[in-house]
Amino acid sequence: MDNVLGLKCTACGREFEARGIQYVCGKCGKNLDVVYDYGAVRKSLTRESLSKNGDYSIWRYWDLYPLEDRSHIMPLQIGWTPLYRARRLGELLGLDEVWVKDDGRNPSASFKDRASSIAIAKALELGFDKICGASTGNAASSTACLCASLGISPIIFVPETAPKAKIAQLLVFGARVFTVRGTYDEAFDLCLAATGEYGWYNRNTGYNPYTREGKKNCSFEICEQLNWEVPDLVFVPVGDGNIISGIWKGFKDFHAAGLIDRLPRLVAVQSEKSSAVADAVNGDGVIRPVKATTIADSISVDLPRDGDMAVKAVRESGGMAVAVSDEMILEMIKTIARTCGVFAEPAGATSVAGLQKLVSDGKVNGSERVVCLVTGNGLKDVESAVKVAGRPVSIEPSLASLKEAAKKAGIT
Ligand SMILES: Cc1ncc(COP(=O)(O)O)c(C=O)c1O
Ligand SMILES: [Zn+2]
């Protein structure tokens with residue numbers, strides 16, 4: 001790994017060699033960050049090299065990953081998800097240029113495949129054969145999916161309340177699943193304890209330093225898909241804060257590698273019922289746990305495990321944080337679907353709900369180029385969607401019955 005200099009503590013700055021597995025700082029216990037030799041990266045990764053690269057997946061950015069061995073790449077299409085120009089949504093919000101990145105189009109139908117890919121490849125490179133993880137649902141179903149493609153059965157901890165579709169994914173992909181009678185945070189801590197007890201490889205978000213290394217590639221794709229025109233604002237749904245810290249790292253990586261000459265402002269969007277990061281950004285910058293109860297299960301987090309880095313990402317970028325109501329999130333599922341043809345799960349729709357709120361607060365200028373990340377597919381949580389989707393009309397299998405119902409519905 002000539003491209004990697006080592007790991008660095010995000011709090012105290014202590015440096016570690018990137019050998020073996022080191023999850024958190026040995027001195028202060030805080031999260032680690034992978035440090036690259038951008039001089040070396042610049043030599044191999046250029047706009048020209050990318051223009052000649054026919055691999056339209058996350059693996060086209062190999063030079064910016066902390067991996068040595070390509071033999072652990074999953075045989076699945078991960079990343080290079082569509083970035084749609086959302087003209088009708090933009091018009092509705094009174095904005096010139098809105099883009100929606102549909103990350104529900106990944107193999108397990110969420111953004112989390114970006115993180116799992118790098119974390120799992122690292123596990124195999126280090127020789128682990130048992131991989132575990134705790135999750136609100138998507139990181140787990142992603143781990144299960146990607147592991148299945150490699151013939152591995154991971155050990156998974158999810159809260160018992162995770163949506164049925166996510167638990168179905170886990171089981172169908174053949175993971176060994178423990179549904180924990182408690183919160184996500186309790187499942188997370190149990191998974192950490194199990195790692196200590198059994199020596200398994202732990203993929204937990206905001207604990208394993210390699211998840212951020214996968215999440216960042218979404219920013220690389222945005223730069224390329226916008227033909228190197230960096231957006232002004234990127235709206236990100238936030239739970240643990242690892243996606244937004246990864247998004248920030250991605251833009252900074254490309255900047256340090258000389259591929260882009262400016263950086264976007266990041267907007268962290270949370271539910272009012274799970275707002276630890278937004279509270280910190282809009283307050284004194286210190287993360288304090290909350291009692292999360294949002295319907296957007298993927299971002300229902302008491303103590304954000306990458307919260308400090310999320311706050312730093314927003315502040316360094318000159319961005320903002322906003323909390324929206326669950327009602328706005330649910331309504332936005334419908335709005336995105338009906339204006340863009342993209343079906344988002346509640347957490348996925350949160351980014352656009354945040355945009356809507358900041359537009360109505362006069363905090364987004366109509367001519368700014370805005371990208372919203374839709375991080376998970378709506379089929380993962382159909383129960384939430386049907387709350388706002390309306391009802392079908394039940395009819396007899398006869399033309400007479402159709403005619404009567406169509407007349408009532410004003411369909412001619
Ligand atoms: C669909 C979706 N959106 C957003 C998030 C938030 O990501 P993070 O916890 O890294 O902030 C998650 C995390 O599980 C998710 O599954
Ligand atoms: Zn430290």
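Here the residue numbers are simple positions, counted from 1 along each chain's written sequence. Starting at A for chains and at 1 for ligands, labels are handed out in the order in which the entities are written. Local features in a predicted model are, by the rule used here, given only for residues with pLDDT of at least 70; side-chain atom pairs are given and counted only at 80 or more, and totals for whole chains, interfaces and linings are based on all residues.

Draft legend 1. Seen up close, the overall build of the chain. Across its full length, the chain holds 16 helices and 13 strands. Per-residue burial for the chain yields a buried fraction of 53% across its 412 residues. Once C-beta atoms have been placed from the backbone, residue pairs whose C-beta atoms lie within 7 Å are recorded as contacts. Pairs at least 24 apart in sequence give 70% of the contacts found in the chain among residues at least 6 apart. Put simply, DSSP H or I for four residues or longer makes a helix, DSSP E for two residues or longer makes a strand, and each gets a number counted from the N terminus. As a rule, residues whose C-beta atom has 12 or fewer other C-beta atoms within 10 Å are exposed, those with 20 or more are buried, and those in between are partly exposed; C-beta atoms are placed from the backbone.

Draft legend 2. Seen up close, the sheet that holds strand E1 (residues 4–9). Note on pairing: DSSP must find at least two bridges between two strands before they are called paired. Strand order in the open sheet formed by three strands is E2-E1-E3, and the pairing between neighbours is antiparallel. This sheet does not close on itself; its edge strands, each paired only once, are strand E2 (15–16) and strand E3 (32–36). The sheet contact formed by E1 and E2 spans two bridges and is antiparallel. Within E2, the residue paired with Leu7 across the bridge is Phe16.

Draft legend 3. Inspection of helix H14 (residues 346–360) at higher detail. Multiplying 1.5 Å by the helix residue count minus one yields the expected span of that helix. For H14, with 15 residues, the first-to-last C-alpha span of 20 Å sits near the 21 Å given by 1.5 Å per residue. Within H14, the axis deviates most sharply at Val352, by approximately 25°. Burial analysis of H14 places twelve of its 15 residues in the buried class, which makes it a mostly covered element. Listing the buried residues of H14 in full gives Pro346, Ala347, Gly348, Ala349, Thr350, Ser351, Val352, Ala353, Gly354, Leu355, Gln356 and Leu358. The first or second residue beyond H14 is Gly362, which carries a positive phi of 70°. The angle between axes fitted to the seven residues ending at a residue and the seven residues starting there is what we call the bend at that residue.

Draft legend 4. Seen up close, the environment of Gly104. As for its position among the elements, Gly104 is in the loop between strand E5 (97–102) and helix H4 (112–125). Sequence separation between Gly104 and Leu373 is 269 residues, and the spatial gap between their C-alpha atoms is 9.7 Å. The contacts of Gly104, once residues within four sequence positions are left out, are Ala109, Ser110, Ala344, Gly348, Val374, Gly376 and Asn377.

Draft legend 5. Representation of the sheet that holds strand E12 (residues 320–324) within the structure. Read from one edge of the open sheet, six strands run E4-E5-E13-E10-E11-E12, paired in mixed fashion. The open sheet is flanked by strand E4 (83–85) and E12, the only strands paired with a single partner. Sheet twist, expressed as the mean angle between neighbouring strand axes with direction ignored, is 25°. Here E5 pairs with strand E13 (residues 369–374) via six bridges, running parallel. In this analysis, axes come from line fits to C-alpha atoms, helices being fitted only over the stretch in contact, and the angle between any two N-to-C directions falls in the range 0 to 180 degrees.

Draft legend 6. Unusual backbone geometry, seen in detail. Phi is positive for Trp80, close to 50°, though the residue is something other than glycine. Note on placement: Trp80 falls in the loop between helix H2 (47–51) and E4. Backbone geometry at Trp228 places phi at a positive 70°, although glycine is not the residue there. Assignment of secondary structure puts Trp228 in the loop between helix H9 (217–225) and strand E10 (233–237). Overall, Trp228 belongs to the partly exposed group, with 13 C-beta atoms counted inside 10 Å.

Draft legend 7. A look at the site of ligand 1. Placing the C-beta atom from the backbone, one calls a residue near a molecule or strand if that atom lies within 6 Å of it. For ligand 1, the set of nearby residues contains 21 residues, the closest of which are Asn138, Gly239, Asn242, Ser298 and Gly376. Those elements that provide at least two residues to the shell around ligand 1 are helix H5 (138–148), helix H10 (242–256) and H14.

Draft legend 8. Representation of the pairing of strand E8 (residues 176–180) in the model. As defined by bridge partners, strand E7 (residues 155–159) adjoins E8 across five bridges and the pair is classed as parallel. Looking at E8, one finds that Val158 is bridged to Thr179. Whether a crossover is right-handed comes down to one check: with the strands pointing away from the viewer, does the path from the first strand over the helix to the second run clockwise; if it does, it is right-handed. For the handedness criterion, the β-α-β arrangement of E7, helix H6 (residues 164–172) and E8 is classed as right-handed.

Draft legend 9. Layout of the pairing of strand E11 (residues 265–271). Along E11, six of the seven residues are buried, which leaves the element largely enclosed by surrounding structure. Here E10 runs beside E11; their pairing, made up of five bridges, is parallel. Pairing of Phe235 across the sheet is with Val267, part of E11. In this fold, the crossover linking E10 to E11 by way of H10 has right-handed handedness.

Draft legend 10. Representation of helix H13 (residues 326–340). With 15 residues, H13 should reach 21 Å at 1.5 Å per residue; the first-to-last C-alpha distance of 21 Å fits that figure. Every buried residue belonging to H13 is among Ile329, Met332, Ile333, Thr335, Ile336 and Cys340, and all of these are buried. Of the residues flanking the end of H13, it is Gly341, one or two places downstream, whose phi is positive at about 75°.

Draft legend 11. Here's a closer look at the nonpolar core. For the purposes of this analysis, a nonpolar core is taken to be any set of buried Ala, Val, Leu, Ile, Met, Phe, Trp, Tyr and Cys residues that are connected through C-beta atoms within 7 Å. Among the nonpolar cores identified, the biggest contains 121 residues, and Phe235, Val236, Val267, Ala268 and Ile336 are the most heavily contacted of them. If one sorts the elements of this core by residue count, H5 sits on top with seven residues.

Draft legend 12. Expanded view of the packing of H10 against helix H12 (residues 307–317). The geometry of H10 relative to H12 is characterised by a closest axis approach of 8 Å and an angle of 45° between their N-to-C directions. The orientation of H10 with respect to H12, classified from their angle, is oblique. Crossing handedness for the pair H10 and H12: left-handed. Contacts from Ile244, Ser245 and Trp248 in H10 reach Met309, Ala310, Ala313, Glu316 and Ser317 in H12. Note on angle classes: values under 35 degrees are labelled roughly parallel, values over 145 roughly antiparallel, values of 65 to 115 roughly perpendicular, and the remainder oblique. Left-handed is the label given to a crossing in which the near helix is rotated counterclockwise from the far helix by less than a right angle, and right-handed is the label when the rotation is clockwise.

Draft legend 13. Representation of the environment of Ala292. Structurally, Ala292 is set in the loop between helix H11 (276–282) and H12. According to the C-beta neighbour criterion, Ala292 is buried, with 24 such atoms within 10 Å. With 220 residues separating them in the primary sequence, Ala292 and His72 have C-alpha atoms 37 Å apart. Apart from the residues within four sequence positions on either side, Ala292 is in contact with Lys273, Ser274, Ser300, Val301 and Asp302.

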